[in-house]
Amino acid sequence: MVPVIGLSDQTHLTYFSGDKKAWPVYVTIGKILSWMRNSPTKMPILGLALLSVPPKLSHESVHTNKIQRQMNADALLAVLDLILALLQEMVKDSAVMDYADRKIHLCVPILSAWIADHAEHTTLHGISSKSYPQCEVLATEVGQDPRKHI
Amino acid sequence: MRFWPQKLVRIHENIYEPRNNAYYAQKTWEYKQAQDSNIPDYFHQIGMKIDRNVFSGLYRVNPADLHKSDLLHNIYPGLFKHMMKWVVGFLKTPKWQQVFDNSWKALPSYQGFSVSKKAYQEVTQWQGKKMRNLGCCISAVFASALRNPNSSQQVSFKWA
């Protein structure tokens, strides 16, 4: 099994000329030693895609804002489906790959981590900003003593 | 140290229900078929938006099990900021505060390491990189500020 690690972060490019943003997605694999992964000259992290950053609101009415949000979510879903489609084929069928030990191995690459900040995870997991992607903790209970929940 | 995040997750799973994406997919399918108005309320209650998870359709991937490391917000502005509150609270004695600030300002910068020339409490906005640099040297600065306590200052150590 080859653990695939995805990385993404929305970045501000300009502040006063249209507030342009870039949304890069990178990919690496888990079977790389940390010193090698942190070395830029070894190029262990590859750029996979630059996601589109559509306007958040249409500034017309509440209804058009809602439509705009749905369109943005659908576009993000479609683009990431396209990006990860090749990986899905390899997971289903497995792939023969050259390894660093100069042997050929049958590999199953599986997405196992996604490194991003909380705001990014809320967008990708489709949850509200006060929710947690791992479990169904209520927004009112976040940050409180979890033992009180029992 | 290596195993405590797993323990935390295990405790967490016992307390709160882990997100079950197969169940959510079934609920979404039911909503698309019958337009049941209770289903959006259910998703709203658990803080989810219907059919917006980009990882839900992936083969052999459980979105809830994906590792989600966020060092910047968990460790530096989260945990480390709280720890600095304790440190500042412990340094309430003016002499210690002064020695701490002087040691902190006297640190020379070198490649990959730069500290602010202001005292800790004078800095209003901490960037992640500066917070990381502070984490590299805080124990040494703290130790130098607390060296050679006199008999009245030793009381604080006994309380701590």
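So, how was this worked out
- Residues numbered from 1 in each chain as written.
- Chains lettered and ligands numbered in written order.
- Predicted model: local features only at pLDDT ≥ 70, side-chain atom pairs only at ≥ 80, totals over all residues.
- Helix = DSSP H or I, 4+ residues; strand = E, 2+ residues; numbered from the N terminus.
- Rg over C-alpha atoms; globule rule 2.2 N^0.38 Å.
- Buried ≥ 20, exposed ≤ 12 C-beta atoms within 10 Å, placed from the backbone.
- Contact = placed C-beta atoms within 7 Å.
- Core = buried A, V, L, I, M, F, W, Y, C linked by C-beta atoms within 7 Å.
- Nonpolar A, V, L, I, M, F, W, Y, C, P; charged D, E, K, R; others polar.
- pLDDT = per-residue confidence, 0-100.
- Expected span 1.5 Å × (residues − 1).
- Bend = angle between axes of the 7 residues up to and from the residue.

## Examining the overall build of chain B
Summing up its helical and strand segments, chain B has seven helices and zero strands in all. The linear arrangement of helices and strands in chain B, starting from the amino end, is α-α-α-α-α-α-α.

## Observations regarding the overall build of chain A
A count of helical and extended segments in chain A gives three helices and seven strands. Written out in order from the N terminus, the α and β elements of chain A read β-β-β-α-β-α-β-β-β-α. At 19 Å, chain A has a C-alpha radius of gyration far larger than the 15 Å of a compact globule built from 150 residues. In terms of principal-axis extent, the alpha carbons of chain A reach across some 60 × 50 × 30 Å. Counting the 150 residues in chain A, one finds 16% classified as buried. A separation threshold of at least 6 residues defines the contact pool for chain A, and within that pool the share at least 24 residues apart is 43%.

## Let's talk about the nonpolar core
With 15 residues, the main nonpolar core has A:Trp114, B:Val54, B:Phe55 and B:Leu58 as its most contacted residues. Sorting the residues of this core by element identifies β1 (2–8), α2 (62–93) and β7 (109–115) of chain A as the ones contributing at least two each. Ignoring anything within four residues of it in the chain, the contact list for B:Val54 reads A:Leu76, A:Leu77, A:Leu80 and A:Leu124. Within the second largest apolar cluster, five residues are counted, among which are B:Phe100, B:Trp104, B:Val141 and B:Ala145.

## Regarding the interface of chain B and chain A
Each partner contributes residues to the interface: chain B has 28 residues there, and chain A has 33 residues. If you list the elements that add at least two residues to the side of chain B that touches chain A, you get α1 (4–15) and α4 (71–90) of chain B. Ranked by the residues each element gives to the side of chain B that touches chain A, the list is headed by α1(B), at three residues. In terms of residue class, the side of chain B that touches chain A is built from 14 nonpolar, six polar and eight charged.

## Quick look at the environment of B:Val141
Residues and elements named next belong to chain B. Within the secondary structure, Val-141 is located in helix α6 (residues 128–145). For the pair Val-141 and Arg-52, spaced 89 residues apart in sequence, the C-alpha to C-alpha distance is 48 Å. Among residues more than four places away in sequence, those in contact with Val-141 are Phe-100, Ser-103 and Trp-104.

## Topic: the environment of A:Tyr26
By the element assignment, A:Tyr26 lies in strand β3 (residues 21–29). Residues A:Tyr26 and A:Pro109, spaced 83 residues apart in sequence, show a C-alpha to C-alpha distance of 15 Å.

## Examining unusual backbone geometry
Although it is not a glycine, A:Met43 sits at a positive phi angle of roughly 50°. Residue classification places A:Met43 among the exposed positions, given that 8 C-beta atoms sit within 10 Å. In the Ramachandran plot, B:Asp51 falls in the positive-phi region, its phi being about 60° despite a non-glycine side chain.

## Focus on the confidence of the model for chain B
Confidence in the prediction for chain B averages 79 pLDDT; 86% of positions are at 70 or higher. Between residues 1–10 of chain B, whose pLDDT stays under 50, and residues either more than four places distant or in other chains, the model counts zero contacts.

## A few points about α2(A)
Residue and element names in this part refer to chain A. In this model α2 runs 46 Å from its N-terminal to its C-terminal C-alpha over 32 residues, within 8% of the 46 Å that 1.5 Å per residue would give. The largest bend along α2 reaches roughly 40° and is located at Leu-84. Among all positions in α2, only Leu-76, Leu-80, Leu-84 and Val-91 are buried. Packing partners of the buried residues in α2 comprise β4 (46–51) and β7. Ser-94 occupies a position one or two residues after α2 and carries a positive phi of about 60°.

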